[in-house]
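# Analysis of the macromolecular model
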Amino acid sequence: MAWWGTLLGGTLGFMFGGPLGALLGAALGRNFDHGLKTTTGPGAYQTGQQERVQAAFFTTTFSVMGHIAKADGKVTPDEIAAAESIMRRMQLDEQQRQAAIKLFNAGKRKDFQLSAVLAQFRQECHRRRNLVQMFLEIQISTAMADGRLDASEKRVLFSIGEQLGFEHAAIEHLFSFIESGAAVDSGKSSLADAYEVLGVSQDASDAEVKKAYRRLMNQHHPDKLAAKGLPEEMMKLATEKTQEIKSAYEQIKRSRA
């Protein structure tokens, strides 16, 4: 939670303006238009950069979540429950939770600047593709949490993915990855679900299966994502995803024994 304390203390590291700064400032009742106080000293730039990415991730996650929920014109109780479930799993404190709710509500507004928000987020996450993918996975997971996905929500999710640099096929795979991962997590998965999680066919060699497993574990490793700017509060989500990947791999190994 270090980034949050630094943010509230007015020493986020270096200037944080733009649409994300405006959203976060409104959620906290502060004005970030002129940026925040700059830290100094050895390693200050690197530390400040990391905290800035964490703030951008938090802000974009909840505001875009609200935008997706409103994609079909209304926000259902199930969609609100899904967002609140994410907040509980992240174990946000009350102040963070209130900020997340305000960001979610800001995303529902007609004047929400989705393209501008995503453009700044992508810029803040410069070349951190695994981190951006984790953001997209969270959005897809939340949208699918109520057991149904409206066509308008899916269109928005594809648009978001494409604006963040993902090809259509890669986004399509993430939908299957999330859906099959949920089945694995619930203990109700089929062997086909396990293969879908790893992204390999059932006739893949043992070496290919192992390679896919290691690649996915590397992409979702909580410590590696944290090093790239994943907020500490969201590490539990990354840990849950690695557990799903490991369970899928173990299920495939058992079937081949």
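Here the structure is a predicted model, which is why all the values come from computation and not from measurement.

### Brief notes about the overall build of the protein chain
Each helix and strand in the protein chain was counted, giving 13 helices and zero strands. Walking the protein chain from its N terminus toward its C terminus, one meets helices and strands in the order α-α-α-α-α-α-α-α-α-α-α-α-α. Here the protein chain holds 257 residues, and the buried ones make up 50% of them. Contacts spanning at least 24 positions in sequence make up 75% of the contacts within the protein chain whose residues lie at least 6 apart.

### Re the packing of aromatic side chains
Under the criterion given, the structure shown has six aromatic pairs. Judged by centre distance (6.1 Å) and plane angle (85 degrees), the ring pair of Phe57 and Phe135 falls under edge-to-face. Residue Phe57 is found in helix α3 (residues 44–69), and its partner Phe135 is found in helix α7 (residues 129–144); the two are separated by 78 residues along the sequence. A relative accessible area of 0% means that Phe57 is categorised as buried. According to the relative accessible area criterion, Phe135 is buried, its value standing at 0%. Three or more aromatic residues link up through ring pairs in this structure, and these residues are Phe57, Phe121 and Phe135. The side chain of Lys154 reaches across the aromatic face of Phe175, ending 5.0 Å from its centre. Lys241 extends its terminal NZ or CZ atom over the ring of Phe177, reaching a point 5.0 Å from the ring centre.

### What to know about empty space enclosed by the protein
In the structure shown here, the tally under the stated rule is one cavity of 30 Å³ or more. Approximately 90 Å³ is the volume found for the largest cavity. In terms of lining residues, the largest cavity is bounded by Met65, Ile68, Ala69, Glu79, Ala82, Ala83, Phe104, Gln139, Thr142, Ala143 and Glu153. Of all the secondary structure elements, the ones that give two or more residues to the lining of the largest cavity are α3, α4 (77–90) and α7.

### Focus on the layout of surface pockets
The volume enclosed by the largest pocket comes to roughly 630 Å³. Within the residue set of the lining of the largest pocket, elements represented by two or more residues are α4, α7, α9 (168–186) and α13 (235–256). Of all the elements, α9 adds the most residues to the lining of the largest pocket, at eight residues. Split by residue class, the lining of the largest pocket holds twelve nonpolar, seven polar and twelve charged.

### So, the nonpolar core
By size, the foremost hydrophobic cluster in this structure holds 73 residues, and its most contacted members are Phe58, Phe62, Val64, Phe121, Ile160 and Leu198. In terms of residues, this core owes the most to one element, α3, which gives ten residues. Not counting chain neighbours up to four residues away, the residues in contact with Phe121 comprise Leu20, Ala56, Phe57, Thr60, Val132, Phe135 and Leu164.

What counts and how
- Residues numbered from 1 in each chain as written.
- Predicted model: local features only at pLDDT ≥ 70, side-chain atom pairs only at ≥ 80, totals over all residues.
- Heavy atoms only, no water.
- Helix = DSSP H or I, 4+ residues; strand = E, 2+ residues; numbered from the N terminus.
- Buried < 20%, exposed > 50% of the residue type's maximum accessible area, 1.4 Å probe, protein only.
- Contact = heavy atoms within 4.5 Å.
- Phe/Tyr/Trp six-rings, centres within 6.5 Å; stacked < 30°, edge-to-face > 60°.
- Lys NZ or Arg CZ within 6 Å of the ring centre and 35° of its normal.
- 1 Å grid on protein atoms, 1.4 Å probe; cavity = no way out; pocket = protein on both sides within 12 Å on 5 of 7 lines; lining within 4 Å.
- Points joined across faces, edges and corners; volume = space filled by probe spheres on them.
- Nonpolar A, V, L, I, M, F, W, Y, C, P; charged D, E, K, R; others polar.
- Core = buried A, V, L, I, M, F, W, Y, C linked by side-chain atoms within 4.5 Å.

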